[in-house]
Amino acid sequence: MDPARINRALARLASEIVEENHGIKDLILVGIRRRGVPLANRIADKIAELEGVRPPVGILDITLYRDDLSTVGAKPIVSGTELPGDIEARTIVLIDDVLYTGRTVRAAMDQLIDFGRPRRVQLAVLIDRGNEHRELPIQADYIGKLVPTKKSEIIKVMLTDFDEDEGVVIVERPAAEAAA
Amino acid sequence: MTTFGLKHLLGIRELSPDQIVHLLDTAETFRDISKREIKKVPALRGRTVINLFFEASTRTRTSFEIAAKRLSADAINISVSTSSVAKGETLLDTARNLQAMAPDCIVIRHSSAGAPYHLARACDAAIVNAGDGAHEHPTQALLDALTIREHQGRIDGLKVAIIGDVLHSRVARSNIYLLAKLGATVTVAGPGTLVPAEFGGLIEQGVRLARRVEEAVVDADVVMILRVQRERQTDAFLPSMREYAVHYGLHLNHLDLAAPDAIVMHPGPMNRGIEISSEIADSGRSLILDQVTNGVAVRMAVLYLLAGGVSSGEQSADREVGNGTARNGTVKRQRRKRSLREDL
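Now for a look at the structure at hand.

Cut-off values and rules
- Residues numbered from 1 in each chain as written.
- Chains lettered and ligands numbered in written order.
- Predicted model: local features only at pLDDT ≥ 70, side-chain atom pairs only at ≥ 80, totals over all residues.
- Pairing = 2+ DSSP bridges.
- Helix = DSSP H or I, 4+ residues; strand = E, 2+ residues; numbered from the N terminus.
- Axes fitted to C-alpha atoms, helices over the stretch in contact; angles between N-to-C directions.
- Contact = placed C-beta atoms within 7 Å.
- Core = buried A, V, L, I, M, F, W, Y, C linked by C-beta atoms within 7 Å.
- Buried ≥ 20, exposed ≤ 12 C-beta atoms within 10 Å, placed from the backbone.
- Domains from an automatic or database assignment.
- Parallel < 35°, antiparallel > 145°, perpendicular 65-115°, else oblique.
- Left-handed = near helix turned anticlockwise from the far one by under 90°.
- Nonpolar A, V, L, I, M, F, W, Y, C, P; charged D, E, K, R; others polar.

Observations regarding the sheet that holds strand S2 (residues 74–79) of chain B
Residue and element names in this part refer to chain B. The parallel open sheet is built from 4 strands, whose spatial order is S2-S1-S3-S4. In the strand order of this sheet, the two ends are held by S2 and strand S4 (126–132), each with one partner. In this sheet, neighbouring strand axes are inclined to one another by 15° on average, regardless of whether the strands run parallel or antiparallel. In this structure, strand S1 (residues 48–53) lies alongside strand S3 (residues 105–110), joined through 5 bridges in parallel fashion. Along S3, the bridge assignment pairs Leu52 with Ile108. Packed on one face of the sheet, helix H11 (residues 288–307) meets S1, S3 and S4 and runs near 150° to S4.

Let's talk about the nonpolar core
Residue and element names in this part refer to chain B. Ranked by size, the top nonpolar core spans 149 residues in total, and within it Ile106, Ile163, Val223 and Leu303 carry the most contacts. Of the residues forming this core, the biggest block, 11 residues, is contributed by H11. The residue makeup of this core includes at least three contributed by each of domain 1 (17–137 + 293–307) and domain 2 (139–288). With residues up to four places along the chain from it excluded, the contact list for Leu303 reads Leu44, Val49, Ala67, Ala68, Leu71, Ala73 and Cys105.

Describing the packing of helix H5 (residues 138–152) of chain B against helix H6 (residues 170–181) of chain B
Helix-helix packing is characterised by the crossing angle of the two axes and by the distance between the axes. Residues and elements named next belong to chain B. It is at 8 Å that the axes of H5 and H6 come closest, and there the two elements cross at 55°. In terms of orientation, H5 and H6 fall into the oblique class. H5 and H6 meet at a crossing whose hand is right-handed. For the pair formed by H5 and H6, the contact residues are Pro138, Gln140, Ala141, Asp144 and Ala145 on the first element and Val171, Ser174, Asn175 and Leu178 on the second. Tallied by class, residues from the contact of H5 with H6 come to 5 nonpolar, 3 polar and 1 charged.

What about the packing of H5(B) against H11(B)?
Residues and elements named next belong to chain B. Between H5 and H11, the least distance of the axes is 8 Å, while the angle of their chain directions is 120°. When the axes of H5 and H11 are compared, the pair comes out oblique. Pair H5 / H11 crosses with right-handed handedness. Here Thr139, Leu142, Leu143, Asp144, Leu146 and Thr147 of H5 come into contact with H11, specifically with Asp290, Gln291, Asn294, Gly295, Ala297, Val298, Arg299 and Val302. Classifying every residue of the contact of H5 with H11 by side-chain character gives 6 nonpolar, 5 polar and 3 charged.

If you want it as structure tokens, here you go:
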């Protein structure tokens, strides 16, 4: 997936979000760290082009809400969570780069609910790796691209905000890691 | 990927500058949790933290307890007056008994220097030193550093004056190690009996000694005042508290000599009118309550990093990025899936 296609997918996600919610009233986009954050900002920019108003964008860091802390990291890096104001009775669109097991989204929802009671929570992802990998009953409302993959593969999303290149590729998981 | 690589937090002296900065960065993000309506995250759910206090403490013990609870850990407090130590049990036996209850972390304060090291050898749990005799009090130094960084924006290159009973102060020792490691210049001042002449070089290279407060605070960006530990003044180190207040108590006019934006810190509990005047303690220059707030954040970071993760990788398995080669879509699978893959 090259930069132009990422851009088109995000434009489509933006218009789907606006259409589904009949505008952007009470809408907050929330990116999940790390790569969900620039995606949320890009979608917000595209919504601004469509509607003339840019919806507020928040950031969730789910490190402290993970269910696999013991297997995550000897030097976990906890970055902050920043939400733009009260989420009570608002419509939240969670945004992430890849939907795989669904555990990241579970953690994000748990954290979100600690901040208040949104009226509705939706999920937008750039890449959906397919239902068969899901370990929780979680599906995306907006999908940039459905890419069925094997467990032994990794979807690598590169965005210029963090990476040299921009694009999406499938890579083989290193053998040692796959065996573990 | 570097690892935090620390099982216990026994002293600042053993930490690398990178580890200190990582602890401070983590603490900074934990500070926000205490500002939320629901001041709790599930990070340490199901873990047990024992606060084992052989010395009186309200602030530090409460701070550790709140930190553990805000991370969803179960916190148990044991203080010496209620423990079996009063019945004659040794530290090692106490440790073995606690270990048998499988805690994930033991926070210990003890009047003997080295007690936490002793405990670390006897227990599998992560040990956090919450003050051992006149040796170290690492979380105090970390919360002081967090407070300095918050207000001065950096630590490297700052001038820090530490005033008071350096001899008996674990707070001073831990702070001197930390500040020197992160590039600050430290000057200590106090009565000759409490700041022996050979002290500076002994503790850390580059620590300067000043005889008078007026000398130590010149151009200082940070003035750290130590508590006069009246409970340790048994050997007539000081002629009288009044004399100490006159010569080593910090007054507003001292700050005229310091940098214009100098901040004042005190580890508490304060002896008002002795080491610190009320006009300073209650002024905008004093960050004593900020220190307390930062104490919870620092202790959350310490508990999280010690009792939390054990392997490697910043992101989860479903988000991590490997070093394999890009695929070309030759894997045989359903037509629909295959076409999706190929036009990726």
